[in-house]
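# Coordinates in review
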Amino acid sequence: MSVITVFKFENLDEPFKIAKSLNGQKSNDSWLTAFVSKYNRNEIVVNYWFYEDLENNVKKVLDENESMEVISYLKQNGKTRVLKRIFSFVNILTKTLEIYTGSESKLDEIVEILEHVLSTKFTRVVLSSQNLQTIYSEHSTELKQVMFKNVEGLFYEILRGGNLQMNGKFQNCMEKFPENLRVISFRPKIKFFNGHNRYQVTLNGDKGTLRFSSVNEKFSWRPRVEIRQLTFLIAATLGIFSGSTQN
């Protein structure tokens, strides 16, 4: 699944007006489509469409010999570019923007367009060590991995294990370096769409990103209702809004 980067803002309202303003906006060889979610009236779905060189995409998934053969065939048939989409969600209640991509260049492009059209500022979410502690202690069933930054001469100290919150070494690190916790991986305590809760979420406090990984199976998508809850609890922890973390 793509990395989800979370931003915050202060002064947006009227979802239908926002969707109308964004829909059809163009920038060079890319454009936006936008509409209010039929599942949540406070949320605007923003799709960022762009073309990407097909040759680069093929090389990412095939070895050199196979890729050259496929690229040659595609070019002979006039196929040189592929249309791609990046999902984004603007939520008026939580005052957050979520962008589903790990590409910093695409993040910058999307944020720049949104800021220009909506005349507002989007700031990447940053969570303190205390924020991360609140999230794993109040909103998780199990802590699986943590990363401390700048600990005893090491740039990073990583600890892994089951129920890590009960681990003596982890507790010792928290006592000695309470402000240095920067990344946590945990099993979220949320309402699951299909009852499947065997995946963990990695939350990076410095980058404001969410990553997802499964314990027993590979998957590439999580229901929006689950991701929205995670964004809600981040916003609530930061005090961006006050409300339920469900739905």
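Use the structure listed above.
Throughout what follows, the structure given in this document is the object of discussion. These numbers come from a predicted model, not from an experiment.

## Regarding the layout of surface pockets
In this structure, the largest pocket encloses a volume near 350 Å³. Around the largest pocket, the lining is made up of 16 residues, and of these Ser37, Tyr39, Phe89, Arg224 and Arg228 lie nearest the centre. Of the residues in the lining of the largest pocket, the class split is nine nonpolar, two polar and five charged. If you trace the second largest pocket, you find 15 residues lining it, with Val3, Asn204, Lys207, Thr209 and Arg211 closest to the centre. Elements with a minimum of two residues in the lining of the second largest pocket: helix 4 (104-118), strand 8 (140-151), strand 11 (199-204) and strand 12 (209-214). A class-by-class count of the residues in the lining of the second largest pocket yields four nonpolar, seven polar and four charged.

## Remarks on the pattern of salt bridges
For the structure shown, the criterion picks out 13 salt bridges. A salt bridge links Lys169 to Glu157, with the nearest nitrogen and oxygen atoms 3.8 Å apart. Taken together, the positions of Lys169 in helix 6 (residues 168-176) and Glu157 in strand 9 (residues 154-160) put the pair twelve residues apart, joining distant regions of the chain. Through salt bridges with shared partners, a single network forms among Glu43, Glu98, Arg224 and Arg228.

## As for the nonpolar core
By size, the foremost hydrophobic cluster in this structure holds 34 residues, and its most contacted members are Val146, Phe148, Phe170, Ile184, Leu203 and Leu210. Elements with a contribution of two residues or more to this core: strand 1 (4-8), helix 5 (129-138), strand 8, helix 6, strand 10 (181-188), strand 11, strand 12 and helix 7 (224-238). Counting residues in each nonpolar core, the second largest holds 25 residues, with Ile18, Ala34, Val90 and Leu107 among its members.

## Details of the pairing of strand 1
Within strand 1, four of the five residues are buried, which leaves the element mostly enclosed by the surrounding structure. Two elements, strand 1 and strand 7 (residues 123-124), share two bridges in a ladder whose sense is antiparallel. Counterpart to Lys8 in the pairing with strand 7 is Thr123.

What counts and what doesn't
Residues numbered from 1 in each chain as written. Predicted model: local features only at pLDDT ≥ 70, side-chain atom pairs only at ≥ 80, totals over all residues. Heavy atoms only, no water. 1 Å grid on protein atoms, 1.4 Å probe; cavity = no way out; pocket = protein on both sides within 12 Å on 5 of 7 lines; lining within 4 Å. Points joined across faces, edges and corners; volume = space filled by probe spheres on them. Nonpolar A, V, L, I, M, F, W, Y, C, P; charged D, E, K, R; others polar. Helix = DSSP H or I, 4+ residues; strand = E, 2+ residues; numbered from the N terminus. Salt bridge = Lys/Arg side-chain N within 4 Å of Asp/Glu carboxyl O. Core = buried A, V, L, I, M, F, W, Y, C linked by side-chain atoms within 4.5 Å. Buried < 20%, exposed > 50% of the residue type's maximum accessible area, 1.4 Å probe, protein only. Pairing = 2+ DSSP bridges.

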